[in-house]
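Tertiary structure, described
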2 protein chains.
Amino acid sequence: MKILLQLAYDGSVFHGWQVQKNAVTVQETLQNAIEALSGQRLPVTGCSRTDAGVHARVFYCTVPAKELSHIALQNLPSALNAHLPDHVVIVSSVLVNDKFHPRYSCKQKEYLYDIYTGSYRDPFCIGRSWQLCRELDVVRMNEAGSFLCGTHDFSSFCASGSSVIDKVRTISAIEISGGLHVVMRICADGFLYNMVRIIMGTLVQVGTGKISPETVSAILEGKDRALAGTTAPACGLYLNRVIY
Amino acid sequence: MKILLQLAYDGSVFHGWQVQKNAVTVQETLQNAIEALSGQRLPVTGCSRTDAGVHARVFYCTVPAKELSHIALQNLPSALNAHLPDHVVIVSSVLVNDKFHPRYSCKQKEYLYDIYTGSYRDPFCIGRSWQLCRELDVVRMNEAGSFLCGTHDFSSFCASGSSVIDKVRTISAIEISGGLHVVMRICADGFLYNMVRIIMGTLVQVGTGKISPETVSAILEGKDRALAGTTAPACGLYLNRVIY
């Protein structure tokens, strides 16, 4: 048996999820907290490798159950939170069987991307939004987004250098809501490296009038990263839902 | 003539508004930016002395107009923002006459106080909310708040050691809204030192059932700081509106 932990973290203070040398990551921070409780360095497996600066309103990881069996399951969040810094929190813990994998058992993920469009920067959104500070045409952006819905080869929207061979994914929803904060909600069965951020960078070009919505269809069909827009900054990106 | 600047700042990175030795304050940060533009150390007068950790969604200050006359008034926010750190922003600049004083010309101020009531801390609200993490009875809190509305001597809700003699103020509105975030909105013609935070700390005692709403009326009439609740943390407090 394993324990599935649900957590949330403010990515602005972490160098992403995955353990790396000379940088504070969420995975290592969690391993430290678990070690403080169990006296052992236990493996922690995450549902996604979020980049430095990317946030998670919802994130899942598994840890071995046996070594933590001295703590009642429902008390585990509070026990771990006492050993975690403020910018990460455990909100639930449930038992799952050994076949369950937080990454490969995932059916759908939902990301939000937040752009601030006010005239001047907002001090309360530093590290939490892409502070674009210009107006965006949300109707055009939604029109462009509709070309990306469905099952496609998303090579144009994958960071060059990614080792993934199969770049076909299915986007089940992509919606952009307007206002002072323009927020894109995107759901898919999986995401390529930097896919949400490259889609966002490209849709911003549509929103500012630099390219037409139809151009996004041509970019998709071109299957070439060089055709798409720049990668939007990490700070506006939130992993929002994970469906198993 | 003077220039009235409207600003906003995230108080979590500042030791309050007013210049002090060995600590970064908003006033000093702004004086540095103005000096970078004008070559002179100019006086900056604020509308309020916010404490360390207190936020301002809206804050006003005045600066001499003559020494900044080489910059077009409408360009002043952008020019200053280029010299300011991300956590403070200037959003407007208007000319006012010499009689205008950002503090004494003020008719009303509105503060918000934000309490997070979720089961576990929220990583995205660190330094932005009082993370109380327990439920509050908002109906009872509003009942208690109604006793404070109107013109009263607020001695019980003023930090001991304050040198202010006249402790009579008029609260024109006090409303507490419920939800995951319980937010108190309070408007008055003026506030005593720590008044909002002591009122909040006292109303939380009502919300948790520790004291009755009627007790707040007795605390007010007692005119003794020792009768009221503890001072709520600075991080949940926002100066939200200033009316001239």
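Everything here concerns the structure above.
Residues numbered from 1 in each chain as written. Chains lettered and ligands numbered in written order. Predicted model: local features only at pLDDT ≥ 70, side-chain atom pairs only at ≥ 80, totals over all residues. Heavy atoms only, no water.

**Focus on the pairing of strand S5 (residues 108–116) of chain B**
All names here are of chain B. This is how it is decided: Each residue's exposure class comes from its accessible area (1.4 Å probe, protein chains only) as a fraction of the maximum for that residue type: buried when under 20%, exposed when over 50%, partly exposed otherwise. Comment: elements are numbered from the N terminus, with helices defined as DSSP H or I runs of at least four residues and strands as E runs of at least two. When DSSP finds two or more bridges between two strands, those strands count as paired.
For S5, the buried fraction is high: eight of the nine residues fall into the buried class. Judged from the six bridges that link them, S5 and strand S10 (residues 237–243) form a sheet pairing that is antiparallel. Counted as the bridge partner of Tyr111 is Leu239 from S10. Inspection of the sheet shows S5 paired to strand S9 (residues 181–188) by eight bridges, in the antiparallel sense. Bridge pairing in S9 places Asp114 opposite Val183. Pairing between S5 and strand S6 (residues 130–131): two bridges, direction parallel. Bridge pairing links Ile115 to Trp130 in S6.

**Considering the packing of aromatic side chains**
Residue and element names in this part refer to chain A. We apply this condition: Working definition: rings of Phe, Tyr and Trp (its six-membered ring) pair if their centres are within 6.5 Å, and the pair is stacked with planes under 30 degrees apart, edge-to-face with planes over 60 apart, and tilted otherwise.
With the rule as written, the count across this model stands at 18 aromatic pairs over all chains. The interplanar angle of 65° and the centroid separation of 4.7 Å between the aromatic rings of Phe100 and Tyr244 together place this pair among those described as edge-to-face. Residue Phe100 is located in the loop between strand S4 (88–96) and strand S5 (108–116), and its partner Tyr244 is located in the segment after strand S10 (237–243); the two are separated by 144 residues in the primary sequence. By relative accessible area, which is 15% here, Phe100 ends up buried. One aromatic cluster is present, built from ring pairs that chain together Tyr9, Phe14, Trp17 and Phe59.

**Brief notes about the pattern of salt bridges**
This is how it is decided: A pair is scored as a salt bridge if a Lys or Arg side-chain nitrogen falls within 4 Å of a carboxyl oxygen belonging to Asp or Glu.
Counted according to the given criterion, the structure contains 12 salt bridges over all chains. Salt bridges linked by common partners bring A:Glu110, A:Glu175, A:Arg185 and A:Arg241 together as one network.

**What about the relation of the copies chain A and chain B?**
Put simply, the test is: For the least-squares superposition of copies, only C-alpha atoms count, and only for residues with pLDDT at least 70 in both. Note on contacts: a residue pair qualifies if any of its non-hydrogen atoms lie within 4.5 Å across the two residues.
Its rotation angle being 180°, the transformation that places chain A on chain B also includes 0.0 Å of axial translation and leaves an RMSD of 0.0 Å. Classification of the inter-copy transformation places it as that of a two-fold axis. When each C-alpha of chain A is compared by its distance to the rotation axis, A:Phe124 comes out closest, at 5.3 Å. Both copies share a contact surface, since 100% of the interface residues of chain A are interface residues in chain B too.

**Here's the deal with the interface of chain A and chain B**
The criterion, for reference: Once two parts are brought into contact, the accessible area they lose, counted with a 1.4 Å probe and summed over both, makes up the buried area. The term polar contact refers here to a pair of N or O atoms within 3.5 Å; inside protein, the definition further demands a hydrogen-donor-capable atom paired with an acceptor-capable atom, and it admits residues adjacent in sequence only when both atoms are side-chain atoms. Residues were grouped as follows: Ala, Val, Leu, Ile, Met, Phe, Trp, Tyr, Cys and Pro as nonpolar; Asp, Glu, Lys and Arg as charged; and all remaining residues, including Gly, as polar.
Chain A puts 24 residues into the contact, and the matching count from chain B is 24 residues. Contact with chain B buries surface across chain A, with A:Tyr120, A:Arg121 and A:Phe124 losing the most and accounting together for 41% of the total. Applying the counting rule to chain A against chain B returns zero salt bridges. For the interface between chain A and chain B, the tally reads 12 residue pairs in polar contact (both at pLDDT 80 or more). Considering every element that reaches the side of chain A that touches chain B, the biggest residue donor is S4(A), with four residues. Of the residues assigned to the side of chain A that touches chain B, the class counts are 15 nonpolar, four polar and five charged.

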